[in-house]
Amino acid sequence: MPGRSSSLISAGWGQLAAARPPAPDEHPGLLNCFAAVPDPRRAKGRRHPLAFVLALAAFAVLAGAKSLTAIAEWAADAPATALATLGGPSREPTGPTAPAEATVRRVLQRIDGDALDEAIGTWLAARDPDRPQPGRAEAGRPPASLAVDGKTVRGARRTDGTQVHLLAAMTGTGLVTAQREVDGKTNEITVFRPLLAGHDLTDTVITFDALHSQTAHARFLAEDKNAHYIAVIKANQPSGLPLAGNSRMERESLGFPLSFAPRCYRRRTSRVGTGHVDTDP
């Protein structure tokens, strides 16, 4: 799964470009999602709503802006009608005004990246044309899928010099509907549940690599989210991992509760030296 760009501009903005063209009445939906992002500024002295600044940034990036300065320049050149549509406050007689470059820079540098990713992901997920309706199984249609994977962002580093690592969830249609930064003092395992907690995963098939083949993750998906999963079992599980078969003993050895034990197993082994791969049915 591709990680976030190392540019000053979040890759979350770029995901907007892959969405279908919006209908005339869909702009408020995006603004409502932006309004849910916590504002890092003090309440006193705010001239521009946070959702307005974020909407300007989104449209500027879609128009080709690749830096904070370019975003501010696009906003300054935007007509009054565009500013009003994006939620700009009207101040008579001049009408809506764009925020200054310093305001845009401070907001985008201090914004909660995880909250912004969640807002954009929520809006994109609702617009996914292939998203099945909850509780409505369509004959012949495969279930929705979500792939969870993490990547270290090339060229992006924190102030302490550590590299930025992201965990993201991507739909079968290529939309990144969830993305969170993995703190440098922990790993992806602790981010897995917060990444998916706010999403409706009913009857969705979740795939992930062996790192996330954890009993706690399985319980969370099956019991809390009513989802399905495909687990890759490697040496990170302490048991002997007898994967070929469906006996009770083999299921118990995997450590996953029998109430949602895997329905089938595939054992894939590689021969050292030749590289030949064997797969058991």
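As the structure is a computational prediction, the values presented were derived from the model and not from experiment.

Overview of the sheet that holds strand β1 (residues 145–157)
So, step 1. Strand order in the open sheet formed by five strands is β3-β2-β1-β4-β5, with mixed pairing between adjacent strands. Looking along the sheet, the strands with just one partner apiece sit at the ends: β3 (176–182) and β5 (228–230). Across the sheet, the mean angle separating the axes of adjacent strands is 30° when strand polarity is ignored.
So, step 2. Across six bridges, the pairing between strand β2 (residues 163–171) and β3 is antiparallel. Paired with Leu-167 across the bridge in β3 is Arg-180.

Let's talk about the packing of aromatic side chains
So, step 1. Per the counting criterion, the structure on display carries two aromatic pairs.
So, step 2. Judged by centre distance (5.7 Å) and plane angle (85°), the rings of Phe-192 and Phe-208 are edge-to-face. Taken as a pair, Phe-192 in helix α8 (residues 189–196) and Phe-208 in the loop between β4 (205–207) and α9 (215–224) lie far apart in primary sequence, 16 residues in all. Residues Phe-192 and Phe-208 agree in their burial class; the two are buried.
So, step 3. Centroid distance Phe-208 to Tyr-229: 6.4 Å. Interplanar angle 25°. Geometry classified as stacked. Of this pair, Phe-208 sits in the loop between β4 and α9 while Tyr-229 sits in strand β5, placing them 21 residues apart in sequence.

Observations regarding α8
So, step 1. For α8, the set of buried residues is Val-191, Phe-192, Leu-195 and Leu-196. One face of α8 carries all of its buried residues, which in axial projection span an arc of 120°.
So, step 2. Along its buried surface, α8 packs onto β1, β2, β3, β4 and α9.

So, the packing of α8 against α9
So, step 1. Packing of α8 against α9 brings their axes to within 10 Å, and their N-to-C directions diverge by 15°. When the axis of α8 is compared with that of α9, the two are roughly parallel. Judged by the twist between their axes, the crossing of α8 over α9 is right-handed. Residues Ile-189, Phe-192, Arg-193 and Leu-196 of α8 form the contact with α9, whose own contacting residues are His-217, Phe-220, Leu-221 and Asp-224.
So, step 2. Looking at the contact of α8 with α9 residue by residue, the class counts come to five nonpolar, one polar and two charged.

Here we look at helix α6 (residues 101–110)
So, step 1. For α6, the complete set of buried residues consists of Thr-103, Val-104, Val-107 and Leu-108. Seen end-on, α6 carries its buried residues on one side only, within an arc spanning 115°.

Some details on the pattern of salt bridges
So, step 1. Tallied over the full model, the rule gives seven salt bridges.
So, step 2. In this structure, the salt-bridge partner of Lys-151 is Asp-149, at a minimum N-O distance of 3.8 Å.
So, step 3. A relative accessible area of 38% places Lys-151 in the partly exposed class.
So, step 4. Here Arg-193 ties to Asp-224 by a salt bridge, and the two come within 3.0 Å at their closest N and O atoms. With Arg-193 in helix α8 and Asp-224 in helix α9, this pair connects stretches of sequence that are 31 residues apart.
So, step 5. Taking the relative accessible area as the measure of exposure, Arg-193 reaches 44% and is therefore partly exposed.

So, the nonpolar core
So, step 1. Membership of the largest hydrophobic core comes to 34 residues, with the highest contact counts inside it found for Phe-34, Val-37, Leu-54, Ile-71 and Leu-108.
So, step 2. For this core, the elements supplying multiple residues, two or more each, are α2 (27–35), α3 (50–62), α4 (68–77), α6 and α7 (113–126).
So, step 3. Among the elements that make up this core, the one with the highest residue count is α3 (eleven residues).
So, step 4. Beyond its immediate sequence surroundings of up to four residues, Val-37 is in contact with Leu-50, Leu-54, Ile-111, Ala-115, Leu-116 and Ala-119.
So, step 5. Core analysis: the second largest hydrophobic core is formed by 18 residues, Leu-146, Val-148, Val-182 and Ala-227 among them.

Calculation criteria
- Residues numbered from 1 in each chain as written.
- Predicted model: local features only at pLDDT ≥ 70, side-chain atom pairs only at ≥ 80, totals over all residues.
- Heavy atoms only, no water.
- Pairing = 2+ DSSP bridges.
- Helix = DSSP H or I, 4+ residues; strand = E, 2+ residues; numbered from the N terminus.
- Axes fitted to C-alpha atoms, helices over the stretch in contact; angles between N-to-C directions.
- Phe/Tyr/Trp six-rings, centres within 6.5 Å; stacked < 30°, edge-to-face > 60°.
- Buried < 20%, exposed > 50% of the residue type's maximum accessible area, 1.4 Å probe, protein only.
- Arc of directions from axis to C-beta.
- Contact = heavy atoms within 4.5 Å.
- Parallel < 35°, antiparallel > 145°, perpendicular 65-115°, else oblique.
- Left-handed = near helix turned anticlockwise from the far one by under 90°.
- Nonpolar A, V, L, I, M, F, W, Y, C, P; charged D, E, K, R; others polar.
- Salt bridge = Lys/Arg side-chain N within 4 Å of Asp/Glu carboxyl O.
- Core = buried A, V, L, I, M, F, W, Y, C linked by side-chain atoms within 4.5 Å.

Geometric descriptors of this kind do not, in isolation, establish any biological role.
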